[in-house]
Amino acid sequence: MDDTLLIQAVHIEPSGLPGDLVVPAQARALVLFAHGSGSSRHSQRNRWVAGVLHAHRLATLLFDLLTEAEATDRRAVFDID
């Protein structure tokens with residue numbers, strides 16, 4: 001079986017939120033990780049879980065629900081709008 005992974009940085013529109021898309025060869029489905037307060041797409045734990053999913057031919061899109069500016073402003077972390 002081909003173990004090639006497609007790895008791509010993406011921006012979720014229209015807000016331009018950053019994300020990381022990984023698609024294993026012959027992927028069967030896509031799992032979304034939406035990160036808000038207290039976590040990010042760079043979290044070692046979340047990347048480990050994504051790696052396990054890749055081993056089972058599941059694609060992942062890890063993205064942050066906050067822009068970098070919002071993530072540094074604790075008042076904005078729970079501001080849904």
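Everything that follows concerns the structure shown earlier in this document.
The structure presented is a predicted model; accordingly, all values stated were derived computationally and were not measured.

Visitor: In this structure, what is going on with the pattern of salt bridges? I would like to understand it.
Guide: Working definition: two side chains of opposite charge can pair if their charged atoms are close together. A complete count under the given rule lists three salt bridges for this structure. Notably, a salt bridge pairs R41 with D20, separated by 3.3 Å at the nearest N-O pair. You can see R41 sitting in the loop between β3 (29–35) and α1 (44–55) and its partner D20 sitting in strand β2 (residues 17–24), a full 21 residues away along the chain. Looking at R41, the relative accessible area reads 12%, which means it is buried. For D64, the salt bridge identified is with R41, shortest N-O distance 2.6 Å. Of this pair, D64 sits in strand β4 (residues 58–64) while R41 sits in the loop between β3 and α1, and the two are 23 residues apart along the sequence. Because the salt bridges share partners, they merge into one network encompassing D20, R41, R47 and D64.

Visitor: Looking at this model, I keep getting lost on the pairing of β2. Mind explaining?
Guide: The side chains of a regular strand alternate, first on one face of the sheet and then on the other. Across the eight residues of β2, seven count as buried, placing the element largely inside the fold. Bridging between strand β1 (residues 5–12) and β2 involves eight bridges; their strand directions are antiparallel. In the sheet register, Q8 faces β2, and the bridge partner there is L21. If you look at the hairpin formed by β1 and β2, you'll find four residues sitting between the two strands, and G16 has a positive phi there, around 75°. By the bridge criterion, four bridges tie β2 to β4 in an arrangement that is antiparallel. In the sheet register, D20 faces β4, and the bridge partner there is L62.

Visitor: Before we go on, may I ask you to explain α1 in this structure?
Guide: If you check α1, its first and last C-alpha atoms are 17 Å apart, about what 12 residues at 1.5 Å a residue would give, namely 16 Å. The inward-facing, buried residues of α1 abut β1, β2, β3 and β4. For α1, the N-terminal cap is S43; the gap from its side-chain oxygen to the backbone nitrogen of R45 is 3.3 Å. Immediately beyond the C-terminal end of α1, within one or two residues, lies R57, with a positive phi of roughly 60°.

Visitor: Please explain the side chain of R41 as it appears in this structure.
Guide: At 2.6 Å, the side chain of R41 forms a polar contact with the side chain of D64. Apart from the residues within four sequence positions on either side, R41 is in contact with P18, G19, D20, H35, R47, L62, F63 and D64.

Conventions adopted
Residues numbered from 1 in each chain as written. Predicted model: local features only at pLDDT ≥ 70, side-chain atom pairs only at ≥ 80, totals over all residues. Heavy atoms only, no water. Salt bridge = Lys/Arg side-chain N within 4 Å of Asp/Glu carboxyl O. Helix = DSSP H or I, 4+ residues; strand = E, 2+ residues; numbered from the N terminus. Buried < 20%, exposed > 50% of the residue type's maximum accessible area, 1.4 Å probe, protein only. Pairing = 2+ DSSP bridges. Expected span 1.5 Å × (residues − 1). Contact = heavy atoms within 4.5 Å. Polar contact = N/O pair within 3.5 Å; in protein donor to acceptor, adjacent residues only side chain to side chain.

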